[in-house]
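# Results of the structural survey
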Amino acid sequence: VAHPFSVTYRDNTAVRVSTIGSGDLQVVGPNGFSSMVEFTGVDTASDGTPRTAVYSVAAPGGAWDSSDNGVYTIHLRDGEVTHTANNAVAAGALATFTVNIAQAPTQPQIASIAKTEVSYVVTVNGTSGAEHVLEATSNMTAWSAVATNTPSSSTFVFEDRTVGEARFYRVTIR
């Protein structure tokens, strides 16, 4: 999945549209990411000013996810875009953008179940900040919610105060 963005070029005479293309910009970011961007179009196909070019940068690994989080810098490469008198736009950093994608919740796992005199205590390994639902059944077909928890850590406890017949448990993320 690519991230589209635009750059507006201005000049006191006219921007030479034929010099706008896929080699103009490079994006650098976290974890050694460096990629040339793809030129996808310009608002007006003739020389003039201003001209807005649209580009896109491919996501690291093909799709944006939480491992790509961080600040990315868009750099104009030296000598790439010129005006009609053949003077190039100065190379340098044009802008930054930040990727901040929440980590996908992991499937919760029941770590242990302990029976006390008044309850079953179910310890779960899950995802902090995600809403978890403890469900119970005695027949493996009719599940009902027993409790919910939005934990602040990845290991947390549910307590089911229904003591009596044997019950099966599962935990889901809502």
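The structure this text deals with has already been given above.
The structure reproduced in this document is the subject of the present report. (Residues numbered from 1 in each chain as written. Predicted model: local features only at pLDDT ≥ 70, side-chain atom pairs only at ≥ 80, totals over all residues. Heavy atoms only, no water.)

Moving on to the overall build of the protein. A count of helical and extended segments in the protein gives 0 helices and 13 strands. Overall, the protein shows an N-to-C arrangement of helices and strands of β-β-β-β-β-β-β-β-β-β-β-β-β. Relative to the globule expectation of 16 Å for 174 residues, the C-alpha radius of gyration of the protein, 28 Å, shows a markedly less compact shape. Oriented by its inertia axes, the alpha-carbon framework of the protein measures out at about 90 × 30 × 25 Å. The 174 residues of the protein split such that 32% are buried. Here the protein displays about 9,600 Å² of accessible surface, and carbon together with sulfur accounts for 49% of that area. A gap of 6 Å separates the mean positions of the 9 positive and 15 negative side-chain charges of the protein. (Helix = DSSP H or I, 4+ residues; strand = E, 2+ residues; numbered from the N terminus. Rg over C-alpha atoms; globule rule 2.2 N^0.38 Å. Buried < 20%, exposed > 50% of the residue type's maximum accessible area, 1.4 Å probe, protein only. Areas by Shrake-Rupley, 256 points an atom, 1.4 Å probe, with all protein chains shown as cover. Lys, Arg positive; Asp, Glu negative; His and termini not counted. Charge placed at Lys NZ, Arg CZ, Asp CG, Glu CD.)

Here we take up unusual backbone geometry. Cis geometry is adopted by the peptide bond preceding P50, which originates at T49 and carries an omega value of -10°. Residue placement: P50 occurs in the loop between β4 (38-42) and β5 (51-58). One non-glycine residue with positive phi stands out, namely N31, at about 60°. Positive phi outside glycine occurs at M140, with the angle close to 70°. Within the secondary structure, M140 is located in the loop between β10 (132-137) and β11 (144-149).

Side chains on a regular strand alternate between the two faces of the sheet. In terms of strand pairing, strand β8 (residues 109-115) meets strand β9 (residues 120-125) through 6 bridges, oriented antiparallel. Residue I110 lies in a different strand from β9, and its bridge partner there is V124. Hairpin connection from β8 to β9: 4 residues lie between these consecutive antiparallel strands. Relative to strand β12 (residues 155-160), β9 runs antiparallel, the two sharing 6 bridges. (Pairing = 2+ DSSP bridges.)

Moving on to the packing of aromatic side chains. The tally for this structure, following the rule as stated, stands at 8 aromatic pairs. On the basis of an interplanar angle of 80° and a centroid distance of 6.3 Å, the ring pair of W64 and F97 is categorised as edge-to-face. Here the residue W64 occupies a position in the loop between β5 and β6 (70-76), and F97 occupies one in strand β7 (residues 92-99), the gap between them amounting to 33 residues. Its relative accessible area of 14% is what places F97 among the buried residues. On the numbers, 5.2 Å between centres and 10° between planes, the contact of Y72 with F97 is stacked. Placement of Y72 in strand β6 and of F97 in strand β7 is noted, with a sequence separation of 25 residues between them. Like Y72, the residue F97 is buried in the burial classification. Through a chain of ring-to-ring contacts, three or more aromatic side chains come together here, namely F33, W64, Y72 and F97. (Phe/Tyr/Trp six-rings, centres within 6.5 Å; stacked < 30°, edge-to-face > 60°.)

Along the polypeptide, D24 turns up in the loop between β1 (2-9) and β2 (25-28). Polar side-chain contacts of D24 include one of 2.7 Å to the backbone nitrogen of G21. Not counting chain neighbours up to four residues away, the residues in contact with D24 comprise Y9, T19, Y55, H75, L76, R77, E80 and V81. (Polar contact = N/O pair within 3.5 Å; in protein donor to acceptor, adjacent residues only side chain to side chain. Contact = heavy atoms within 4.5 Å.)

In terms of nonpolar packing, the biggest core is built from 18 residues, with F5, Y9, L25, V27 and Y55 touching the most fellow members. Looking at this core, the elements with two or more residues in it are β1, β2, β5, β6 and β7. Once you skip the residues sitting within four places of it in the chain, V27 turns out to touch F33, S34, S35, V37, V57, Y72, T73, I74 and F97. In this structure, V122, A147, Y169 and V171 belong to the second largest nonpolar core, which totals 10 residues. (Core = buried A, V, L, I, M, F, W, Y, C linked by side-chain atoms within 4.5 Å.)

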